[in-house]
Amino acid sequence: MDLAGVGIWSSQLRYGDQGEAADAAAELEDLGFTALWIPDVGGPVLDSVDHLLSSTKQVVIATGILNLWMHEPADVAARYQSLTAEHGERFLLGIGVSHAPLIDSKEPGRYRKPLAATRAFLDGIDAAQTPVPVGNRVLAALGPKMLELSATRARGAHPYLVTPEHTRGAREVLGAGPLLLPEQTVLLTEDASVAHTVGKDWLRSYLALPNYANNLLRSGFTEEDVTSVSDRLFDAIIAWGDEEKVLARVNEHRDAGADHVCVQVLTADPREFPREQWRRLAAALG
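Since we're looking at a predicted model, the values are computed, not measured.

Participant: How do you make sense of the overall build of the protein chain when you look at a structure like this?
Facilitator: Along the backbone of the protein chain there are 14 helices and 11 strands. For the protein chain, the C-alpha radius of gyration of 18 Å lies close to 19 Å, the compact-globule estimate for 286 residues. Taking all 286 residues of the protein chain together, 55% fall into the buried category. Across the protein chain, contacts joining residues at least 24 apart in sequence account for 74% of those joining residues at least 6 apart. Taken as a whole, the protein chain presents about 12,000 Å² of accessible surface, with 50% of it coming from carbon and sulfur. Of the charged side chains in the protein chain, 26 are positive and 39 negative; the average position of the first set lies 5 Å away from that of the second.

Participant: Mind showing me how you'd approach the environment of Thr227 here?
Facilitator: You can see Thr227 is positioned in helix α11 (residues 223-228). Sequence separation of Thr227 and Leu31 is 196 residues, and the distance between their C-alpha atoms is 38 Å. At 3.4 Å, the side chain of Thr227 and the backbone oxygen of Glu224 are in polar contact.

Participant: Hey, could you run me through helix α2 (residues 18-31) in this one?
Facilitator: For an α-helix the count is 3.6 residues per turn, leaving residues at separations of three or four pointing the same way. Its 14 residues place the ends of α2 19 Å apart at the C-alpha level, agreeing with the 20 Å of an ideal helix rising 1.5 Å per residue. Buried within α2 we find Ala21, Ala22, Ala24, Ala25, Glu27, Leu28 and Glu29. The secondary structure elements touched by the buried residues of α2 are β1 (6-9), α1 (12-15), β2 (35-38), α3 (45-55) and α14 (275-285). Regarding α2, its N-cap is Asp17, as a side-chain oxygen of that residue lies 3.1 Å from the backbone nitrogen of Gly19 further along. Downstream of α2 by a residue or two, Gly32 has a phi angle that is positive, lying close to 105°.

Participant: Explain a nonpolar patch on the surface to me, please; I cannot follow it from the model alone.
Facilitator: Side chains of Tyr15, Val41 and Leu102 sit close together on the surface and give an oily, nonpolar patch of about 290 Å² of accessible area. Inspection of the secondary structure puts Leu102 in helix α5 (residues 100-104). Residue Leu102 is classed as partly exposed on the basis of its relative accessible area of 42%.

Participant: In this structure, what is going on with helix α7 (residues 144-153)? I would like to understand it.
Facilitator: Among all positions in α7, only Met146, Leu147, Leu149, Ser150 and Arg153 are buried. The arc that holds every buried residue of α7, seen down its axis, measures 160°, which confines them to one face. Opposite the buried face of α7, by more than 90 degrees, sit the exposed residues Lys145 and Thr152. Of the surrounding elements, those touching the buried residues of α7 are α6 (114-126), β6 (137-139), β7 (156-157) and α8 (164-174).

Participant: Mind showing me how you'd approach the side chain of His253 here?
Facilitator: Structurally, His253 can be placed in helix α13 (residues 243-255). Residue class for His253 comes out buried when judged on its relative accessible area of 0%. Here Gln184 takes part through its side chain, which lies 2.8 Å from a polar atom of the side chain of His253. When near neighbours in sequence (up to four residues on either side) are disregarded, His253 contacts Val162, Thr163, Pro164, Thr167, Pro182, Gln184, Ala258 and Val261.

Participant: Can you help me understand the packing of helix α4 (residues 73-87) against α6 in this one?
Facilitator: If you want to describe how two helices pack, look at the angle between their axes and the distance between the axes. Where α4 contacts α6, the two axes come as close as 8 Å, and the packing angle between them is 50°. Regarding the angle of α4 to α6, the classification is oblique. Considering only the axes of α4 and α6, their crossing is right-handed. Residues Pro73, Val76 and Ala77 of α4 lie in contact with α6, whose contacting residues are Phe121, Gly124 and Ile125. Grouping the amino acids of the contact of α4 with α6 by side-chain chemistry returns 5 nonpolar, 1 polar and no charged.

Procedures and definitions
- Residues numbered from 1 in each chain as written.
- Predicted model: local features only at pLDDT ≥ 70, side-chain atom pairs only at ≥ 80, totals over all residues.
- Heavy atoms only, no water.
- Helix = DSSP H or I, 4+ residues; strand = E, 2+ residues; numbered from the N terminus.
- Rg over C-alpha atoms; globule rule 2.2 N^0.38 Å.
- Buried < 20%, exposed > 50% of the residue type's maximum accessible area, 1.4 Å probe, protein only.
- Contact = heavy atoms within 4.5 Å.
- Areas by Shrake-Rupley, 256 points an atom, 1.4 Å probe, with all protein chains shown as cover.
- Lys, Arg positive; Asp, Glu negative; His and termini not counted.
- Charge placed at Lys NZ, Arg CZ, Asp CG, Glu CD.
- Polar contact = N/O pair within 3.5 Å; in protein donor to acceptor, adjacent residues only side chain to side chain.
- Expected span 1.5 Å × (residues − 1).
- Patch = residues over 30% accessible without salt bridge, like charges linked within 9 Å, V, L, I, M, F, W, Y side chains within 5 Å.
- Salt bridge = Lys/Arg side-chain N within 4 Å of Asp/Glu carboxyl O.
- Arc of directions from axis to C-beta.
- Axes fitted to C-alpha atoms, helices over the stretch in contact; angles between N-to-C directions.
- Parallel < 35°, antiparallel > 145°, perpendicular 65-115°, else oblique.
- Left-handed = near helix turned anticlockwise from the far one by under 90°.
- Nonpolar A, V, L, I, M, F, W, Y, C, P; charged D, E, K, R; others polar.

From the geometry alone we can't say anything about function, so treat these as descriptive.
Here is the structure:
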């Protein structure tokens, strides 16, 4: 499973019109992106994986991430094997522990001991009749303990909403072998007002989640940076400007130790498939 190069992280491929998702996935593969990443905040995520695998020929389809609270390990392992049997080894199973406000909203108190919950989920996958190979799974990881688990129980880590500085620190924790596959959010606009209007609204929803806020505080940002969505924090998390500036940020992650960077393109309409922007990025990547 080749995870070099640059991938695309897209909620539209997961939750948008499935006819357009199929067409967009095939185009993204033709454009040269090496992996397509989709989120899981409820619903049949593995059906979406199947749909995208069926719509493409070679590109890796990855969950970024499969929410472990919403699935049974044995069911995931069985479905993984059926997808792999049908489509080849193109499915990278990204597993994550999500966030307490999301999980506890339906079942208060359920979100407990996320590290232990992740270990238990991996134990369940390993104990399945047909386990998911360690080499075909990664973990959502921000802090050092989850990064260490990513190095020992998976092929590596998929950090989300992070800076190149975080990537550098994550590489130090992981060591030389495991994969490091960070997400990078981008806005292809040179208008600061447009970038801030779109990007700050998007960021606020994530900064309300303790895992992300705490990680940024560990990374040297202040409470004021987080609560106000300061320009300093905005510029560190979101790469905005022309293609050259976006690619410079991708290269910062690579220089810091990333094996693969998955780019998430924001636009004013979050339901829109940003196909023009994807094409621009592909042309710039050459």
